[in-house]
Structure formats: structure tokens, C-alpha cells
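Tertiary structure, described
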Amino acid sequence: MITNDNKINITINDKKICCNVGDKIIDVADDNGIEIPRFCYHKKLSTAASCRMCLVEIEGAPKLMPSCATQASDNMVVQTKSDKVVASQKAVMEFLLINHPLDCPICDQGGECSLQDNAFSYGKTDSIFKEDKLVNLSSDIGPLVATNFNRCIMCTRCVRFGEEISGHRELGGIGRANTIEISTYINKNVDSELSGNIIDLCPVGSLTSKPSQFQARAWEVIKKPAIMPFDCLGSNANLHIKNNKIIRVLPRENNDINEMWLSDRDRFGFLGQYSQDRLSNPIIKKDKSWHNTSWGDSLAKMAEKLKQAKSSNIGCLIGGNSSNEEIFLLSKIIRSFGCNNIDYRLLQKDFSDNTKQKNTNWLGLDLKQLEQCDSVIHVCSNLRKDVPMLNHRVFTAYKNGAKISSISNRLYDFNYPLVEQIGCKPSNTIFELKAILKEILKIKPQKIAINLDDIVSTKEHKNIALQLSTAQKSVVMLGIQAKLLPDYTAIKTLCDLISQASNSIFAIVPEYANSLGAKLYGAIPYYSDNLGKNSEQILKSNLDVLILYNFDSEYDINSDKIQKAASLAKFVIVINPYSSQIWQEYADLILPLATTFESSGSMVNCCNTLQKYQQNIKPYKYSQEGWRILLTLADKLSLDSFKYKSVPEIQNDLTDIQQKIILNNDTNNKDIKKIGIKNNVDDFEVINEFAIYQNHPMVRRSLALQKTNDAASYNKLIISLVDAKLLGIKRDEKISITTNNIDHTKIITSVQQSDSIPDSCIFLPNGAKYATINNNTTIRVKESI
Amino acid sequence: MINENSKGQIDKWIAKYPKGKQRSAVIAALRIMQEQNKGFLTVELMDAVADYLSMDKIAVYEVASFYSVFETKPVAPNTISICTNISCMLSGSDDIVKYVEKKLKTKIGSNTDDNRIFLKEEEECLAGCCGAPMMQVNHKYHTNLTRDKVDKILADLK
């Protein structure tokens, strides 16, 4: 009998179970600890029912039924261990093993292989198959996933993953019957930013991890929980560690954050941990050469220089991927001198919202809510590559019927269709947003203190306005690329006005793994009542002491400016895991910092979830955890109120602070009248971007990720087809670009002409300053603020 | 890639399906493109079909590689398919296959040396059992085959 709450009773193996109408038998069995073997079924993917391993006997049914595709009905009696079922399981195992090679001893899946486990538990010891086995050759599908299609049992999980989760199907079943094989058909890489997940999905050793190939056996590794520091989501993962070395990273299920997936950046970013340029011990510059020194001496020296410095002449820049504890302690130390010159916004150009207002900039909703919204507008966002797992939620919303549009400076490739996609020059972004606001005000008239009379709107703007205004629950999502624009504050204010006018949620995607923590725990100049210098001002100041904490000098900050600032400052202290030529040249004291995986700490993700993590591996050589360095420094400075002895003690204070702060994305509406359209200039406008595999020092050093097509696409100079014709540049022509790279050498790169970029705009490879074509024409680019 | 004539034909097929289900026309589209290209599909043609029907490219490759009517490697413009299923086999299709192979100096699944005739891979039942043994030459059925009849058909091809 079906009860009012849609509950029914079924019996599995004489066990009476209450479940929901529509539940699949295999799910009910899983929930109740009854084991049913399976290969093709996966709870996050659609049902294929092709492997026949999960067949069960249902009373009244003439044949065995696949439990993954059969819904439970009231009073159903199911047997999973009857003679008929066991005989069928044996037959299916024999069938699946027909073409499977006996290469378990050299297979990376060995020890965690469903085929091994099920053959052992449900298979038979011999086979009547005497014919020749089929051979499927492996193919190269990129630097991340190793293939051995000989081992494939055609469960098609990887194929379904492409269609249903990554949103772009790259693998397919080619051919038919006994000669079908999983393939990309043409010789190409699997380029999805989530491609690593097919390694986990593959129940056999057909798809394995390429970077960790042959490194360890499943039973040799110790699994330790970790939080991934490579984007603002903080995906949960398990590190697999052998002899104090991370071998691989696998997802840890957390339905509130990353479900059971990991982006490739999270999965393979750790490889940069073992880069050759790790700093091994503290070094100090004496008479223009570097000497090893002890931790005690170096921190005493640092304390001495800090004490001697004029409080307003101390400056501190900190990477936004640092832990809460590091941010909290460092900002507390700086502030103990009465100094507020500390900032994490290293690449931001516009600080006009740098007010005392506690502006926290977070996502504004949790991920479940994001999945349920029915309209999303991306503003200056390449979300698919910026925060892959966040984009996965938007993709889920799309599958639930949401309409999505985008306004950005490049036409990005999303894995869902867009209602409208507007590409505009960076200086025109404000105009586009104003036009949308104007259209919304036509649909929903209301009073807004902004003059929109001279704005001309088009059909596209009207469609976006309609999409927002007619939705039940809509989101205006300001992406991380906006942070690099000279008009950031104006864009943010307009997004806020658009969301207010259309009754949408205003979501801001943080640019670093711990942007929120940096704001909550003091790595901003407006944290206390006295306004300090922001990163731009710090870089322009004549400082006594400049502290540079946990970021790369080449890409995480404008390297010209940091070189100038460092050469002007009297004493430069670098605390970083990796060395750099710029640091070597301009710093006075360099201290080796442990990476996130080598430290305990916590981070706050974009949904304001505080996530703690433990030290998983010992720090490299003499490097030390950030919180230890900073506590020792506080001790050398004889500062009170640093009585912490462990990370949990610090975290007690952090929780108090987090609870006191109310998060909001409000903008300072006072400045609204200052928003204006900039005059177009003859010069090319540069489009800067946070690139997918350049956003974190460790990711930057992960060689496997740097070999992907996604990484390579950022090494090309891109101009529009019209401009290319005007300048006489051919496709893939090699041109030299002068970069602000370490030694100011010219690098040769190829040109890509594209209609994804607006006219008179130029996308330069990371770190490049300007381009010289054929050594005579120079594309002049507008000097950014 | 897709010429105007083919576009018109594909559009007719798309119109047969509900709006937004244009991918249902993939088999028809591939057949039309194979005809346009005189007998076989290329990756470029399949990509064009994928773009035209807003499908993932791999999904088109899957369909093209699944059905034996689609040739994904270059073949000669004239195609001969000899049925070797049960009715035809009982009526002597094996002999016909051997005879054709010998006469054209090629094997099932290959082109002739002058690249004029393609002998299609083992063909399943073409639903002409009442006229067994039979074969299909460039979409035309020839039934009740004998060696003499085959000679005449092949001579006509020249």
C-alpha cells in the first residue's frame, strides 16, 4: 500500500524495507547495506543497464531484472543471492572477461578494481571461451588520462560522464557489436576541465591517471583528507601519500561543495609541489650575495627591521591563497605597529570601493540554491575555466531548465547554450550593463539614481532584461575576470543595480581560494578604522620594510611594479614556497614557506563555509608552516596577545570573528554618478585574464597541466579577424612579443585570429607587455591604470 | 561543406521531427552527405553534419561507424553489395561472391585496382529473399543472379 508520504514496502533477501516510490532497487539495496555488484551503474549518471551484472530475481517476473533500471514497487519481493542470480552473475563475469587481458600485475587499477573484486566475489574460476581475444590499441587522449582500451568492458560510464556532467562529449562508442571501442575517433585530446573524473569512474584499468602511472599500489598509500587551495570552492579531496610524497589526489564526497567530482586543476595541481624551484632554507643577502642563515637569526633580523621602520612605511602584500591563520597572524602583526598597509588584491586595478564598509564579496547563495535558480547572467566570467566545479552547478541549473546569458570581453566557450552572449571591449562593459539596466527599468519601472538617457539598447539587451525579469529566481554572477578591469567598481555597482532592479541575487565569484578569509581576517587596508594603503599604493611607496607573502613575482602581480617597489624599499622580506629570479635580485631576506598540503590551517570558501585541514606531509627541507613562522616572529617582536600554541587555538579566535561579520555584496551607491563611458582610444585595449592553469603558484608548476590544450591556449596572442587583416598578420604566424618575463627577453608566439575577441582588442599571453610584429609594427596597447 | 542541394534535403528531414529534435535527422543527413561525396564520408563532412544539427561531433562519428551503410574510408564511386544472408547463401551467393572477386581481381571490402568499383564488406539481408541470390549495385537491386547475369551487370557498369 502506498502511504500518503509516497512510502512503499519491499522485501530484499527476506529483509523488509521501507522506501520511496520510484527508488531504484539498486539504490534501496545500497542504502540498506545489501551488496549488488555493478559496472555500468553510477548514482550520478544516467542508467545504461548494459553490463547485466546487477541482475536480481523479482518474484513474479519471468526473467532476471536489472536492479539499476527497475523501480521498486509496493510489496515487491527481491532476491539478490538466489541460485538463479548467482548463476547469472557467474555467466556475466565470464562474458565480461572474454576479452579482458590478464595484466593485473602491471595495471594501476590493481587492488582497487571493480573487475578484480567482482571476479573474486561473483565470478567462476574457469572459462569456456577458447577463441582469440580482441585487441584494442591504446590511444593518446592527453597528458592527464592514460588509456588501455584492451581492458575496457564497455560500461560507457566515461561516455555518459562527458554528456551529462562535463557537458561536452568527447569520448564515444565507435563501431558496433563485438568490435565496438571507446575512442575519440579522430586523434585528439580529451580537453574537458573535468576530464580526470573519468579515471575514478572507470571500473577497470582502462582509464588511469597518467602523471601517477606506476608510482604506487592502491594498498601502499595512506589516504588523508585535504581541502584544495586552487579555487574559491575549496573542493574536498583525499591525498594518497606514499613515503611522505603525494602520489595522487582523489575526490572526497561532499554534496555541499564538489559532490563526488574534482576539476583537473584540483586533481593534478599538486604536482607543482615537487617543482625544482622550491626554497630549501632561509637565505639572507650580505654584500650583494646570498648566504644561508638560521630561522632564529632571520626572524630576529626581520623583527629588528620591523621595529626600526616608521609604522606608515611598512607594506605587506599577501597571496589570496594563504590560510586564514597566516592572514590573521600576519595582519595582526602588521597592525600591532599601527600600520594598515596590507592587501591581498594584487592584480586589482580599481580600488574606488576601498571604503570602511565591510564589503565581503561572496557568492551570496549556496550551491544547492544555485542549482535551483532558473536564470543566470555571467558578467566578465569564464566560469567554466575559472571555477569548473561552480560552473558544473550552473550546468545542472541549465539541465533543470535555467536560461543563461553572458557579457564578457571575450566570447568564452560555455558547455551549455546561451540565450545571449555579448562580447565587448573592456571599456564598453559599463555601457552594455547600463543598456541592460535600461531595458529592465522599461519592464519594471522604478526609481534609480542613474542617468540612462543617452544609452542605446539593442535586442540583445532586451532579451537579457526579459530573461532576468521573468525568472522566479535569477542570479547576476560577477566573474573573476572583472577584477582585472580598470572599471571594476563601476561594473560591480551596475551589477548590483541590475540585480536590485530585477529582484535577482547578486553573486560575486571570489578570485582566490581564500579571498573571503583575506577579507574576514584582515588582509585588506580598510579592515580597521584607519585606512591603510592598498596594493597599488604600497607598490608606489618608498617603504622601509616590504613583506611579500606567498605569491609569485611574475604572474600573481604586475612584475614591473613589484620590481620597482622592491628596488625602492629599504628591506624586502619574501616568504614563499618557491624561488624566483626577481626575488633573488631585489629581496634582502627570503624565507621558505610550507605549501598548503604541508600545513595545517583553514580557508573560507565562496559560500562562507569554513573548512579546516591538517598537515598531511612534512614540509620540504627546512621550510616551515606559515603560522609557525609568524608566531615565532611575534615572539621575537615581544608582542602580547600572541599566546597561541597550536592551530586550533588560533582557530577559536577566527570562529568568533567569522560569526560577528555579516556578509554582503552591497556596493557603495554614493559613487554612482561617477560611472561613465570612457572615450575610445586609438590604442589597442589589452584583455587580461586569470588563466585556468596560471592562477596559483603550484598549478603553474604542474607540468602535466601545463601540457594541456587549455594551458596552451593562453600562450597565443589573439586579435580579431578584422584587426589581423588590417595589420597584415597571418594565422599562426610566428611573431615576437616582448614580455615582462624574468630577463625581459622576447618570446616567440603564434597569432590566433578569432571572432571571439572584439575589434581593437588584443589578448596577450600571460605576462606579455606588448607585441612587435615582424620587428617593425608595434601594436600599441593602452597603458592600464 | 554541405552544398545547397544537400541542405535542402536535410532540411526536409529535420522538418519531419519536432522542433529542437533536429538531431533525429542524423542518419538521413549522413546518407545525403555520403551521396554528395560520391560514396563515402570524411571527418570534415561528419563535423559539418554535427554543426548543422547542433550535435557533439563524437555522436555523429558513433552513428557513422555503427551503420554499415556508411563508409568512413575513401571508396570507389561504384558500390556493389552482395547479400550473403541465409536465403541468398542457400541459393549460391558464396559462388557469386567468389566469381565477382575473381572477375574484379579484388576482395570483399576493397576497391578495384582502377579505383572504379568498391566491393562492400559482408552485407546483411537486403530484404530481397524472393529473388535470391541478389546484389545491390549503386542502390539498384539485381535478383536471381547467375554468372552470365553478373557479367552483363558488370559490363554495363563500364
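Predicted, not measured: the structure shown is a model, and the values here were computed from it.

**Structural notes on the overall build of chain B**
- When helices and strands are tallied, chain B shows 7 helices and 4 strands.
- The order of helices and strands in chain B, counted from the N terminus, is α-α-α-α-β-α-α-β-β-β-α.
- Along the three orthogonal principal directions, the C-alpha set of chain B runs to about 50 × 35 × 25 Å.
- Looking at chain B residue by residue over its 158 residues, the buried ones come to 46%.
- Put simply, 58% of the contacts in chain B that link residues at least 6 apart link residues at least 24 apart.
- Split by element, the accessible area of chain B, about 8,800 Å² in all, is 52% carbon and sulfur.
- Taken together, the 22 basic and 21 acidic charged side chains of chain B have centroids lying 4 Å from each other.

**Focus: the domain arrangement of chain A**
Residue and element names in this part refer to chain A.
- Along its sequence, chain A is organised into domain 1 (7–96), domain 2 (283–357 + 514–660), domain 3 (367–508) and domain 4 (685–779).
- Counting residues at the interface gives 16 residues for domain 3, matched by 18 residues for domain 4.
- For the pair domain 3 and domain 4, the summed buried area comes to about 1,400 Å², and 55% of that belongs to carbon and sulfur atoms.
- Our count for the contact surface shared by domain 3 and domain 4 stands at 2 salt bridges.
- Put simply, Lys-385 and Asp-710 hold a salt bridge, and the shortest N to O gap is 2.9 Å.
- Summed over the shared surface of domain 3 and domain 4, the result is 6 residue pairs in polar contact (both at pLDDT 80 or more).
- Across the side of domain 3 that touches domain 4, the residue classes tally to 6 nonpolar, 5 polar and 5 charged.

**As for the interface of chain B and chain A**
- At the junction of the two partners, chain B supplies 11 residues and chain A supplies 14 residues.
- Both sides of the chain B and chain A interface together cover about 1,100 Å² of buried area, and 54% of this is carbon and sulfur.
- On the surface where chain B and chain A come into contact, there are 1 salt bridge.
- For Arg-169 of chain A, the salt bridge identified is with Glu-62 of chain B, shortest N-O distance 2.9 Å.
- For the interface between chain B and chain A, the tally reads 6 residue pairs in polar contact (both at pLDDT 80 or more).
- Only α3 (43–52) and α4 (57–66) of chain B provide two or more residues apiece to the side of chain B that touches chain A.
- The element best represented in the side of chain B that touches chain A is α4 of chain B, accounting for 6 residues.
- Classifying every residue of the side of chain B that touches chain A gives 6 nonpolar, 3 polar and 2 charged.

**Re the packing of aromatic side chains**
Residues and elements named next belong to chain A.
- If you walk through the whole model with that rule in mind, you get 14 aromatic pairs over all chains.
- Ring geometry for Phe-551 and Trp-583: centres 5.8 Å apart, planes at 80°, overall edge-to-face. You can see Phe-551 sitting in the loop between β22 (545–549) and α17 (559–568) and its partner Trp-583 sitting in helix α18 (residues 581–586), a full 32 residues away along the chain. The pair Phe-551 / Trp-583 is uniform in exposure class, with both members buried.
- Three or more aromatic residues joined by ring pairs form one cluster here, namely Phe-395, Tyr-398, Phe-414 and Tyr-416.
- One residue, Arg-278, lies across the ring of Tyr-578, its end atom 5.8 Å from the ring centre.
- Between the NZ or CZ atom of Arg-701 and the centre of the ring of Tyr-578, over which it lies, the distance is 3.9 Å.

**Some details on the pattern of salt bridges**
Residues and elements named next belong to chain A.
- Summed over the entire model, instances satisfying the criterion amount to 38 salt bridges over all chains.
- Between Lys-43 and Glu-253 there is a salt bridge whose closest N-O contact spans 3.3 Å. With Lys-43 in the loop between α1 (25–31) and β3 (55–58) and Glu-253 in the loop between β12 (245–251) and α6 (264–268), this pair connects stretches of sequence that are 210 residues apart.
- Overlapping salt bridges bring together Glu-193, Arg-384, Lys-385, Asp-413 and Asp-710 as one network.

**Side note on the pairing of strand β26 (residues 610–613) of chain A**
All names here are of chain A.
- Burial along β26 is one-sided: Gln-611 and Tyr-613 are buried, and none of Leu-610 and Lys-612, which face the opposite way, are.
- Sheet analysis places strand β25 (residues 601–604) next to β26, joined by 4 bridges and oriented antiparallel. Its bridge partner being in β26, Val-604 is matched across the sheet by Leu-610.
- Connecting β25 to the antiparallel partner β26 that follows it, the hairpin turn spans 5 residues, and Asn-608 within it adopts a positive phi of roughly 65°.

**Topic: the packing of helix α7 (residues 295–308) of chain A against helix α19 (residues 626–636) of chain A**
Residues and elements named next belong to chain A.
- Running from N to C, α7 and α19 point in directions that differ by 60°, and their axes come no closer than 9 Å. Taken together, the axes of α7 and α19 are oblique relative to one another. Between α7 and α19 lies a crossing of right-handed hand. Contacts between α7 and α19 involve Trp-295, Gly-296, Leu-299, Ala-300, Met-302, Ala-303, Leu-306 and Lys-307 on the former and, on the latter, Ile-629, Thr-632, Leu-633 and Lys-636.
- For the contact of α7 with α19, a count of residues per class yields 8 nonpolar, 2 polar and 2 charged.

**Focus: helix α6 (residues 93–104) of chain B**
Residue and element names in this part refer to chain B.
- Helix length check: α6, at 12 residues, gives a terminal C-alpha distance of 16 Å against a target of 16 Å (1.5 Å per residue), a fit within 8%.
- For α6, the complete set of buried residues consists of Ser-93, Ile-96, Val-97, Tyr-99, Val-100, Glu-101 and Leu-104.
- Where α6 is buried, its residues meet β1 (78–82), α5 (86–90), β2 (117–119) and α7 (147–157).
- Lys-105 occupies a position one or two residues after α6 and carries a positive phi of about 55°.

**Regarding the sheet that holds β2 of chain B**
Residue and element names in this part refer to chain B.
- Strand order in this open sheet of 4 strands is β2-β1-β3-β4, and the pairing throughout is mixed. The sheet is open, and its two edges are formed by β2 and β4 (140–142), each paired on a single side. With strand direction ignored, the average angle separating the axes of adjacent strands in the sheet is 25°.
- In this sheet, β4 lies alongside strand β3 (residues 135–137) in antiparallel orientation, the contact comprising 3 bridges. Its bridge partner lying in β4, Gln-136 is registered against Tyr-141.

**Digging into the domain arrangement of chain B**
- In terms of domains, chain B is made up of domain 1 (4–66) and domain 2 (78–157).
- On a C-alpha basis, the centroid separation for the pair domain 1 of chain B and domain 2 of chain B is 28 Å.

The rules behind each value
- Residues numbered from 1 in each chain as written.
- Chains lettered and ligands numbered in written order.
- Predicted model: local features only at pLDDT ≥ 70, side-chain atom pairs only at ≥ 80, totals over all residues.
- Heavy atoms only, no water.
- Helix = DSSP H or I, 4+ residues; strand = E, 2+ residues; numbered from the N terminus.
- Buried < 20%, exposed > 50% of the residue type's maximum accessible area, 1.4 Å probe, protein only.
- Contact = heavy atoms within 4.5 Å.
- Areas by Shrake-Rupley, 256 points an atom, 1.4 Å probe, with all protein chains shown as cover.
- Lys, Arg positive; Asp, Glu negative; His and termini not counted.
- Charge placed at Lys NZ, Arg CZ, Asp CG, Glu CD.
- Domains from an automatic or database assignment.
- Buried area = accessible area lost by both parts, 1.4 Å probe.
- Salt bridge = Lys/Arg side-chain N within 4 Å of Asp/Glu carboxyl O.
- Polar contact = N/O pair within 3.5 Å; in protein donor to acceptor, adjacent residues only side chain to side chain.
- Nonpolar A, V, L, I, M, F, W, Y, C, P; charged D, E, K, R; others polar.
- Phe/Tyr/Trp six-rings, centres within 6.5 Å; stacked < 30°, edge-to-face > 60°.
- Lys NZ or Arg CZ within 6 Å of the ring centre and 35° of its normal.
- Pairing = 2+ DSSP bridges.
- Axes fitted to C-alpha atoms, helices over the stretch in contact; angles between N-to-C directions.
- Parallel < 35°, antiparallel > 145°, perpendicular 65-115°, else oblique.
- Left-handed = near helix turned anticlockwise from the far one by under 90°.
- Expected span 1.5 Å × (residues − 1).

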